[in-house]
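# Per-entry structural report
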Amino acid sequence: MRPHNKSVLIAAACAALAASSALAAPAASELTDLSLEQLSNVVVTSVSRQEEKLAHAAASIYIISASDIRRSGAQSIPEALRLAPNLQVARVDARNYAITARGFNSPFENKLLVLIDGRSVYSPLFSGVFWDAQDLVLDDIERIEVISGPGSTIWGANAVNGVINVITKSAKDVPGGRAALIAGADERAGTMRYGAALGAHANYRLYAKYRQNDDTENAAGASTHTGYQRRQAGFRADWDLEGGGATLSGDAYQGSLHQAGTRDIGIAGANLNASLTGHGGEASDYRLQVLFDHTERNQPTAFVEYLDTIDVQAQYNLQAGRHRMSAGAGYRGAQDRIENGAGFAFLPDHLQLHTGNLFAQDEIALTDALRFTAGLKVEHNNYTGAELLPNLRLGWSPAEAALLWTSLSRTVRAPSRIDHDFYSPAVAPIVNGVPRYTIAGGPDFISETANVLELGYRAQPSAQFSYSATAFYADYDRLRTLEPLAGGGVAFRNFGEGRVRGIELWGRWHPSATLHLSAGLVQQSIRTGLSEGSRDSSGTTGLTTNDPGRHWLLRASKDLSDTSQLDVSLRYAGSLPKPAVPAYYEMDARWSWALRPDTELSLIGQNLLHRSHVEFGAAPARSVFERSVLLKLTQRF
């Protein structure tokens with residue numbers, strides 16, 4: 001942040017607050033945070049892909065509520081994910097993040113499945129997420145379910161280390177209009193949303209959003225050329241049907257991302273998502289979902305990608321005596337077309353990817369307090385054929401508000417385009433009739449695998465206090481390496497292995513109706529190695545893991561009055577080994593003031609403890625993140 005801009009912003013904020021005092025009027029408290037009883041009774045869907053109470057979910061799952069997001073002052077999905085103590089979120093530059101659970105973090109992280117209303121935002125180019133292409137009106141998010149640990153029996157390959165499921169609100173829950181303006185020295189954003197009824201049984205909402213972030217700087221004060229402008233609009237419509245409901249939603253976006261030495265990266269896309277739920281009887285229900293997704297990414301001098309995806313999912317759930325069964329099938333078809341640059345290429349440059357799956361899972365109530373779950377998914381992909389994804393879980397409830405659980409899972413990361421089809425240079429010299437690539441793809445690359453054991457305990461011993469503890473151990477095999485070829489060059493193979501163990505702890509304490517405290521800690525050990533005979537050189541390509549041994553989070557939310565709220569969070573991340581990044585701790589804060597019942601002003605401070613710090617990347621080019629202040633004005637109508 002430039003000093004003169006910071007002064008102007010603070011002065012503007014003070015002036016606005018002083019002026020608004022004359023307009024301030026008593027208003028009802030807007031504390032919408034859930035009580036602990038309400039939180040434990042929240043119905044989650046990401047663990048078994050059917051509704052179940054959080055208190056009964058045998059998995060390491062953390063719920064980020066709508067109130068959590070609003071009171072944190074987060075302005076993007078990655079910033080909201082910092083609220084989950086079981087995630088490691090590191091900002092890389094103005095638009096890129098490295099986000100993971102249980103290790104293997106990098107900007108190209110590829111073991112975490114991310115969904116928005118059931119729509120996977122996974123990129124088949126590298127099995128990860130382009131975070132700069134994902135956005136929502138954060139006030140329209142109902143909750144984010146964050147599972148650390150495998151979810152592959154339900155969600156398939158690539159849900160290796162966890163699942164993030166962003167669930168937006170029904171249109172009938174957000175009637176009326178809402179406008180918000182956010183301004184700071186380095187970022188500006190505006191959103192507009194309007195919702196209304198469509199007859200007696202249907203509702204809709206429309207929204208538009210604009211966001212602009214300036215370039216970050218490195219420690220020497222030079223621009224990293226990673227700022228961006230982004231525009232997005234969309235809609236959601238919900239129908240109440242007899243015994244169920246239907247939803248149709250869509251989004252379209254376009255953006256320009258700064259890049260050093262070239263013109264801007266262009267991104268664009270649109271999606272359409274339709275779902276139908278219903279009951280087949282008193283003890284059964286079903287869900288059908290169909291989505292279409294189109295994305296474009298024009299990265300000058302590197303590649304241009306056009307990707308079209310269709311995804312169809314069907315699931316049937318049946319309660320029969322002591323059995324709660326689920327079965328389903330899915331198909332995901334993707335067709336890409338890539339215009340390759342000179343430095344590297346995805347070959348072939350046009351590919352159709354097909355993934356199909358069948359799964360079944362049965363939860364058996366052995367006693368009133370003991371439940372056993374067994375499930376299996378068979379998933380077929382282009383590169384490796386059929387993969388088996390089994391899962392066993394056991395949950396024991398010694399009391400109504402307590403659950404001891406354990407699980408054993410096998411999970412898989414299927415190959416992506418970068419594992420199998422990445423070649424450099426794009427046009428290789430021919431030697432004795434054979435092209436000699438420096439990187440010659442990975443024609444022999446197979447799926448990475450992991451066997452994971454978990455043991456967890458979740459309890460709410462009082463109306464004011466709840467906690468969760470999970471110990472985990474994962475044995476990884478066939479991890480990606482870069483091996484030399486006999487005739488020169490290198491190719492991707494599977495000679496890596498790893499062992500990850502650790503513990504996740506978090507708790508919530510509500511000592512009064514107006515004060516909520518929460519804390520979370522992850523202590524972990526990630527050890528990777530090479531199989532016998534490997535001569536891996538991937539350490540020089542930035543594809544290796546880089547994780548802290550410990551990270552923790554403290555948060556406090558206080559209602560100062562009926563019209564004023566204060567939220568403070570303190571986070572710590574241990575040092576990273578390679579590239580080396582020092583450990584850091586930082587504090588964010590938000591103070592809000594309801595000027596009128598329909599008008600709110602928020603002052604948001606980020607990274608308040610230090611002038612600057614780094615979170616990821618190699619010196620000297622990496623970004624440093626400075627102390628910053630944002631002003632947000634929200635108007636409902």
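Residues numbered from 1 in each chain as written. Predicted model: local features only at pLDDT ≥ 70, side-chain atom pairs only at ≥ 80, totals over all residues. Heavy atoms only, no water.

### Describing the overall build of the chain
- When helices and strands are counted, the chain shows six helices and 41 strands.
- A compact globule built from 637 residues should have a C-alpha radius of gyration of about 26 Å, and the chain, at 24 Å, falls within 12% of that.
- Considering only C-alpha atoms, the chain reaches an extent of 85 × 70 × 45 Å along its principal axes.
- A total of 637 residues make up the chain; the buried ones form 56% of that total.
- A sequence separation of at least 24 residues applies to 61% of the contacts in the chain between residues at least 6 apart.
- Accessible surface computed for the chain: about 25,700 Å², of which carbon and sulfur atoms make up 61%.
- Side-chain charges in the chain split into 59 positive and 65 negative, and the spacing between the mean points of these groups amounts to 3 Å. (Helix = DSSP H or I, 4+ residues; strand = E, 2+ residues; numbered from the N terminus. Rg over C-alpha atoms; globule rule 2.2 N^0.38 Å. Buried < 20%, exposed > 50% of the residue type's maximum accessible area, 1.4 Å probe, protein only. Contact = heavy atoms within 4.5 Å. Areas by Shrake-Rupley, 256 points an atom, 1.4 Å probe, with all protein chains shown as cover. Lys, Arg positive; Asp, Glu negative; His and termini not counted. Charge placed at Lys NZ, Arg CZ, Asp CG, Glu CD.)

### Description of the packing of aromatic side chains
- The full count for this structure, using the stated rule, is 14 aromatic pairs.
- Judged by centre distance (4.7 Å) and plane angle (55 degrees), the rings of Phe104 and Tyr476 are tilted. One end of the pair, Phe104, is in the loop between strand 5 (97–100) and strand 6 (112–116); the other, Tyr476, is in strand 30 (residues 465–484), and 372 residues separate them in sequence. By the burial criterion, Phe104 is buried, and Tyr476 matches it.
- One aromatic cluster is present, built from ring pairs that chain together Phe303, Phe344, Phe346 and Phe422.
- In this structure, Arg102 is placed above the aromatic ring of Phe472, and the distance from its NZ or CZ to the ring centre is 4.1 Å.
- The ring of Phe492 is capped by Arg480, whose NZ or CZ atom sits 5.7 Å from the centre of that ring. (Phe/Tyr/Trp six-rings, centres within 6.5 Å; stacked < 30°, edge-to-face > 60°. Lys NZ or Arg CZ within 6 Å of the ring centre and 35° of its normal.)

### Some remarks on the confidence of the model for the chain
- Here the chain averages 91 in pLDDT, while 93% of its residues score no lower than 70.
- Per-element confidence in the chain is highest for strand 12 (residues 202–213), whose mean pLDDT is 98, and lowest for helix 1 (residues 3–20), whose mean pLDDT is 39. (pLDDT = per-residue confidence, 0-100.)

### Some thoughts on the environment of Leu482
- Here Leu482 lies in strand 30.
- Along the primary structure Leu482 and Ser537 are separated by 55 residues, whereas in three dimensions their C-alpha atoms are 5.4 Å apart.

### Observations concerning the environment of Phe108
- Mapping Phe108 onto the fold places it in the loop between strand 5 and strand 6.
- With a relative accessible area of 43%, Phe108 lands in the partly exposed category.

### Regarding the nonpolar core
- With 28 residues, the main nonpolar core has Ile64, Ile69, Leu81, Leu87, Trp131, Ile144 and Ile164 as its most contacted residues.
- Sorting the residues of this core by element identifies strand 3 (60–65), helix 4 (77–81), strand 5, strand 6, strand 8 (141–148) and strand 9 (162–168) as the ones contributing at least two each.
- In contact with Trp131, not counting residues within four places along its chain, are Ile77, Pro78, Leu81, Tyr97, Ile99 and Val114.
- Judged by nonpolar contacts, the second largest core, of 17 residues, contains Leu54, Ala57, Tyr122 and Phe359. (Core = buried A, V, L, I, M, F, W, Y, C linked by side-chain atoms within 4.5 Å.)

### Brief notes about the sheet that holds strand 9
- Taking strand neighbours across the sheet as the criterion, the five strands line up as 3-8-9-6-7 in an open arrangement whose pairing is mixed. Sheet topology places strand 3 and strand 7 (119–120) at the edges, where each strand pairs with a single neighbour.
- Where strand 8 and strand 9 come together, seven bridges link them in antiparallel fashion. Counted as the bridge partner of Ile141 is Thr168 from strand 9. (Pairing = 2+ DSSP bridges.)

### Points about the environment of Glu145
- With respect to the helices and strands, Glu145 occurs in strand 8.
- When the C-alpha positions of Glu145 and Asp135 are compared, they lie 17 Å apart, and in sequence the two are ten residues distant.
- Contacts of Glu145, omitting those with residues within four sequence positions, involve Val43, Val44, Thr45, Ser46, Ile61, Tyr62, Ile63, Val163, Ile164, Asn165 and Ile167.
- Of the polar contacts made by the side chain of Glu145, one reaches the side chain of Arg143; its length is 2.7 Å. (Polar contact = N/O pair within 3.5 Å; in protein donor to acceptor, adjacent residues only side chain to side chain.)

### Overview of the pairing of strand 15 (residues 244–257)
- By the criterion of burial, strand 15 is predominantly enclosed, with ten of the 14 residues buried.
- Summarising the sheet, strand 14 (residues 228–241) and strand 15 pair through 14 bridges and their orientation is antiparallel. Bridging across to strand 15, Arg231 finds its partner in Gln254.
- Hairpin connection from strand 14 to strand 15: two residues lie between these consecutive antiparallel strands, with Gly243 at a positive phi of about 80 degrees.
- Two strands pair when backbone bridges link them, and strand 15 and strand 16 (residues 265–281) are joined in this way by 13 bridges, in the antiparallel orientation. Paired with Thr247 across the bridge in strand 16 is Ser275.

### Points about the pattern of salt bridges
- This structure, assessed with the given rule, holds 42 salt bridges.
- In this structure, Arg413 and Glu448 form a salt bridge, with 2.9 Å as the shortest nitrogen-oxygen distance. Of the two residues, Arg413 sits in strand 24 (residues 402–413) while Glu448 sits in strand 29 (residues 448–462), which places them 35 residues apart along the sequence. Across the pair, Glu448 and Arg413 agree in class, each one buried.
- Connected through shared salt-bridge partners, Arg70, Arg71, Asp559, Asp567, Arg590 and Glu600 make up one network. (Salt bridge = Lys/Arg side-chain N within 4 Å of Asp/Glu carboxyl O.)

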